[in-house]
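Listed below, chain by chain, are the residues.
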Amino acid sequence: MSLVAFYMPLAIVAVIALGFAPLAWWASRFLRPKKPTQWMETTYECGSEPIGEAHVQFRFQYYTFALIFVVFDLVATFLMIWAVAFSGLSATAQFMMIGFFAILILGVCYSLKKEESVWI
């Protein structure tokens, strides 16, 4: 079996998956009813009329800790996989992963030291 024939089902599924969202957007754009009213143009906020300005400034701190959470969540996933396969790794691979873990711990210590109050 050739390599092209082996990966052809994967390529077909990838094209279908990547084409589904634009096709659904295009179909909904042309098939939906176009009857805008004044009521449809108003802002709807949890069943009540919004009061005041809609643009509120958030502290950037919220976004940074959200990013830190996502990064450490992904790293925890990789560390779990690494911990399961630790005994089967070579000494060099084990040393590299321990070094990676040390850098990760340094990053956590730095981010905690930089914050005045810990609320992670």
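Residues numbered from 1 in each chain as written. Predicted model: local features only at pLDDT ≥ 70, side-chain atom pairs only at ≥ 80, totals over all residues. Heavy atoms only, no water.

## Some remarks on the overall build of the chain
Defined as follows: Segments assigned H or I by DSSP are reported as helices when at least four residues long, segments assigned E as strands when at least two residues long, and all are numbered from the N terminus. Buried means the residue's accessible area, taken with a 1.4 Å probe over protein chains only, is under 20% of the maximum for its type, while exposed means over 50%, and partly exposed covers the values in between. Note on areas: Shrake-Rupley with a 1.4 Å probe; residue coverage comes only from the protein chains shown.
Looking only at helices and strands, the chain has four helices and zero strands in total. Secondary structure elements in the chain, listed N-terminal to C-terminal, are α-α-α-α. The buried share of the chain, taken over its 120 residues, is 7%. For the chain, the exposed area adds up to about 11,200 Å²; of that, 73% sits on carbon and sulfur atoms.

## As for helix H3 (residues 60-84)
Here is the rule we go by: Helix span is expected to be 1.5 Å times the residue number reduced by one.
Across its 25 residues, H3 extends 37 Å between first and last C-alpha, which sits within 8% of the 36 Å expected from 1.5 Å per residue. For H3, the set of buried residues is Gln61, Phe65, Val75, Leu79 and Trp82.

## Focus: the confidence of the model for the chain
Under the convention used in this document: One number per residue, pLDDT, summarises how confident the predictor is, and it ranges from 0 to 100.
Residues with a pLDDT of 70 or more make up 85% of the chain, whose mean pLDDT is 80. Highest mean pLDDT in the chain belongs to helix H1 (residues 3-31) (92); lowest belongs to helix H2 (residues 38-41) (74).

## What about the packing of aromatic side chains?
Worth spelling out the cut-off: Pairing of aromatic side chains here covers Phe, Tyr and the six-membered ring of Trp, requires ring centres within 6.5 Å, and sorts the geometry by plane angle: under 30 degrees stacked, over 60 edge-to-face, intermediate tilted.
Scanning all chains against the criterion turns up two aromatic pairs. Between the aromatic rings of phenylalanine 6 and tyrosine 7, the centroid separation amounts to 5.3 Å while the plane-to-plane angle is 85°, which identifies the pairing as edge-to-face.

## Points about a nonpolar patch on the surface
Worth spelling out the cut-off: A patch is a set of surface residues, each over 30% in relative accessible area and not in a salt bridge, joined within 9 Å for like charges and within 5 Å for the nonpolar side chains Val, Leu, Ile, Met, Phe, Trp and Tyr. Within this document, salt bridges are pairs made up of a side-chain nitrogen of Lys or Arg and a carboxyl oxygen of Asp or Glu, the two lying within 4 Å of each other.
A surface patch of nonpolar side chains, amounting to about 650 Å² of accessible area, comprises Leu23, Trp25, Trp26, Phe30 and Leu31. Residue position: leucine 31 is located in helix H1.

## Considerations on H1
To keep things clear, this is the line we draw: Bend is computed residue by residue as the angle between axes fitted to the seven residues ending at the residue and the seven residues starting at it.
Helix length check: H1, at 29 residues, gives a terminal C-alpha distance of 41 Å against a target of 42 Å (1.5 Å per residue), a fit within 8%. When the local axis directions of H1 are compared, the greatest deviation, roughly 35°, occurs at proline 9.

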